Amino acid sequence: MVKKIIAILVAFVLVGYLSIAGIIYRVGKEPATYNDIMIDIDEIADQSFVTEADVRQQLKAARVNPIGKVIDSVNTLEISRVLERNKLILEAHCYHSPDSVLHIDIVQRQPILRVKSVSQGDFYVDNEGEIMPVQNIVPMQIPLATGYISKDRASTELYELAQYLGDNKFWRNEITQIFVNTNGDIELIPRVGSHTILLGTADNCEKKLNKVRKFYDKVLERKGWNYYKVINVKFENQVIGEKAISK
């Protein structure tokens, strides 16, 4: 009986000791904090619109810079949301590593059209039809659209036209500029020849440009690439060549 009582007392003392030791350990241990950020930005054709400095500045401005903060107190989802407000960033993924470093992987938006609008200024349109601001300008082999262009038209009609031009090997290399004139008509400026292609609207652009391609093969090969100043495919089932004025 005495031995049983002693065993019970020892058990109570041991449990109490372990509990107190655990509390002391938890109180005495410093919580882990972030000591650095590692930023990885996927490059588009070896180029970046977003820089590490941009990302760090955005975190600082939004007061979500994690360096020096307790790891468990940092909301990585909120950091992702903050970064994705940047119109140049498509996605931002955050995770931490055992060495107390926050890793941020950035997926940039990919522009397919550069726009210089008389009324709306300078901007890009990306491959999802979203407007991108011009920042950290880098040279890219994408069409340039100029003239009287609204952002709404740029992100819809001209976006679809740019997609078609980018997907078609011949026209991707042939068209250097898209121009929208004061009447709202779309004109294409080719690399070869002194003519312009009057498209009108981008509706049925594939059909219209197929007609231009046939006109190239059947007419310009005989007449010469500088014989016409305008090739008009604005109207249904018509290709109208406006002759250049002879000097």
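A brief structural summary.

What counts and how
- Residues numbered from 1 in each chain as written.
- Predicted model: local features only at pLDDT ≥ 70, side-chain atom pairs only at ≥ 80, totals over all residues.
- Heavy atoms only, no water.
- Buried < 20%, exposed > 50% of the residue type's maximum accessible area, 1.4 Å probe, protein only.
- Helix = DSSP H or I, 4+ residues; strand = E, 2+ residues; numbered from the N terminus.
- Phe/Tyr/Trp six-rings, centres within 6.5 Å; stacked < 30°, edge-to-face > 60°.
- Lys NZ or Arg CZ within 6 Å of the ring centre and 35° of its normal.
- Contact = heavy atoms within 4.5 Å.

**Let's talk about unusual backbone geometry**
Now for step 1: We note that Ser100 has phi near 65 degrees; this positive angle belongs to a residue other than glycine.
Now for step 2: What makes Ser100 buried here is its relative accessible area of 14%.
Now for step 3: In the Ramachandran plot, Asn204 falls in the positive-phi region, its phi being about 55 degrees despite a non-glycine side chain.
Now for step 4: Mapped onto the fold, Asn204 is located in the loop between strand E10 (196-200) and helix H7 (205-223).
Now for step 5: On the basis of relative accessible area, Asn204 is assigned to the exposed category, the value being 53%.

**Details of the packing of aromatic side chains**
Describing an aromatic ring pair means giving the distance of the ring centres and the angle of the ring planes.
Now for step 1: This model, assessed by the stated rule, comprises 7 aromatic pairs.
Now for step 2: With 5.4 Å between their ring centres and 80 degrees between their planes, Phe49 and Tyr124 make a pair best called edge-to-face. Highlighted residues: Phe49 in the loop between strand E1 (36-41) and helix H2 (52-61) and Tyr124 in strand E5 (residues 121-126), separated in sequence by 75 residues.
Now for step 3: With a relative accessible area of 1%, Phe49 lands in the buried category.
Now for step 4: A residue is classified by how much of its surface remains accessible, and Tyr124, at 2% relative accessible area, is buried.
Now for step 5: Chaining the aromatic ring pairs together yields one cluster made of Phe170, Trp171, Tyr216 and Trp225.
Now for step 6: Here Lys151 stacks its cationic end above the ring of Phe123, 5.5 Å away from the centre of that ring.

**Brief notes about the environment of Ser80**
Now for step 1: Along the polypeptide, Ser80 turns up in helix H3 (residues 76-83).
Now for step 2: With a relative accessible area of 10%, Ser80 lands in the buried category.
Now for step 3: Sequence separation of Ser80 and Asp105 is 25 residues, and the distance between their C-alpha atoms is 9.5 Å.
Now for step 4: Setting aside residues up to four positions removed in sequence, Ser80 forms contacts with Ala92, His93 and Cys94.

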